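So you can see what is in the structure, the chains are spelled out below.
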Amino acid sequence: MTSSLQFQHFIDGQFIASADNLIDVINPATEQSLGAAPDAGAALTDSAIGAARAAQDAWAAQPAIARAQYLRRIAAGIREAAPQIANVIAREQGKLLALAQLEVGLAAEYLDYYAEWARRIEGEIISSDRPGENMFLFRRPMGVVAGILPWNFPFFMIARKVAPALITGNTIVIKPSEETPFCAYEFARIVESAGLPPGVFNLVNGLGSTVGQQLVTSAAVDMISFTGSSGAGSTIMANAARNVTKLSLELGGKAPSIVLADANLDLAVAALRWAKTMNTGQACNCSERVYVQRSVYERFCEQLRADFATIRMGDPLAESSDMGSLINRAAVERLTRQVDDARGKGAEVLIGGKGHEAGAGCFFEPTILINTGPGMDVLEREIFGPMLLIEPVDDLDQAIALSNDSEYGLTSSIFTNDLNSAMRAVSRLKFGETYVNRENFEAIQGFHAGVRRSGIGGADGKHGLYEYTHTQVAYIQS
């Protein structure tokens, strides 16, 4: 129906075609090939890093307001090409077209938001201990940034790394996931049309073991911004240690949700349905564990089960679909193993628990497990799919203790109509974010960050901006 998608690397303002080391890209909803994208390998990756290094001084010398104009042009180009980009995202990642459209719109909005920071990048004047001396603290760009992307929000994540990096005077090399390279190519085409100076933005596709390894071990890279799994983040951290390269890592999550007896159950059910259908539960911040106060536990389970039974899996491009596919066949097999492991150790499948057979699309049924316990893989590892674990608790204290009993610490949530309970939870939950009576979805002006194995540093807002800077202090004696 549609011709194969195309990919070219973008280095120093030029598109570079390559037919070597091709990586086949699959539409996970059909398990059919969308086309092939080349692996850049070490040499081309080094060329991209070199182009970024050569362009960085001149880019940083431009006033921030001038850099902002380029971000706005890119945002305008994204909005103009939005229908085509959203179609590419939906096909290569398996998410609903409506969500892909939202993702494209958020990427443009993100670029515009950081363009507004051009006149708000601030230093400090600090009182000195010496008479006649002034102390100035400046925010300086890190230099060359390597942005390594995940596949779950492949287009938005480009903007999330490019916007704060460029507005603060850095240049960047982007490596998309090899699962979803084609929307990154669309971004590069818009960058070229916007007239961004050569070398400021560079794009190289490839495997983590080739392109990724070259980026995280290069002494010419000053900062690595990575979004992905905790395991991959640990590996990157070890490699970056060779050059003491600055890191910003957004890693995995195992988000708990607490539902107290006084909660609005309709609101909680709607939020948790959204968490598991939005991108098919493939988001590090979506709920995976639900702790429900015992007096409403059975009613809540039945209400959520009935709601999950109405979810329609199907073609991501069809308006009738409520949920798309998982990213690949391996993800279906992983969730199947988790369900089998949990069931074998005493868990009960309340609904779902199965995936489609190979060749029928990488779909997995919306799933609820109860009676889970220690030693089950599904309780201890990130699920990253349309599956929820629901367990009863006696009170808020028990719910908080169980929530904190995890190596992850990205997002958490609580549903209650009691302000005191909400504030107790906010103060005691050991997570970077806590949401009260709403879905887990961060705001551009906030700060998306985790603790423990969920990452280092963060993104969004003022604090996300300053992740891409270092401080310089000048002591000036008159």
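Scroll up for the structure.
This report concerns the structure included in the present document. (Residues numbered from 1 in each chain as written. Predicted model: local features only at pLDDT ≥ 70, side-chain atom pairs only at ≥ 80, totals over all residues. Heavy atoms only, no water.)

Details of the sheet that holds strand β15 (residues 367–370)
Ordered by their spatial adjacency, 7 strands build an open sheet running β14-β15-β16-β13-β12-β18-β19, and the pairing between neighbours is mixed. Edge positions in the sheet fall to β14 (348–351) and β19 (433–436), since each has one partner strand and no second. With direction set aside, neighbouring strand axes in the sheet form an average angle of 25 degrees. Sheet topology places strand β18 (residues 411–415) next to β19; 4 bridges connect them, and they run parallel. Across the sheet, the residue bridging to Ser412 is Thr434, located in β19. Along the sheet, helix α9 (residues 265–277) makes contact with β12 (255–259), β13 (287–293), β16 (387–393) and β18, crossing β13 at roughly 160 degrees. (Pairing = 2+ DSSP bridges. Helix = DSSP H or I, 4+ residues; strand = E, 2+ residues; numbered from the N terminus. Axes fitted to C-alpha atoms, helices over the stretch in contact; angles between N-to-C directions. Contact = heavy atoms within 4.5 Å.)

Observations concerning the pattern of salt bridges
When charged atoms on two side chains of opposite charge get close, those side chains can pair. Scanning the entire structure with this criterion turns up 23 salt bridges. Ionic pairing is found between Glu288 and Lys254, a salt bridge with its closest N-O pair at 3.0 Å. Taken together, the residues span a long stretch of sequence, with Glu288 in strand β13 and Lys254 in the loop between β11 (246–250) and β12 at a distance of 34 residues. Take Glu288 and Lys254: they sit in the same class, and that class is buried. Salt-bridge contacts for Arg438 lead to Glu439; the nearest nitrogen and oxygen are separated by 3.8 Å. Looking at Glu439, the relative accessible area reads 30%, which means it is partly exposed. The network of salt bridges with shared partners includes Arg160, Glu250, Glu442 and Asp460. (Salt bridge = Lys/Arg side-chain N within 4 Å of Asp/Glu carboxyl O. Buried < 20%, exposed > 50% of the residue type's maximum accessible area, 1.4 Å probe, protein only.)

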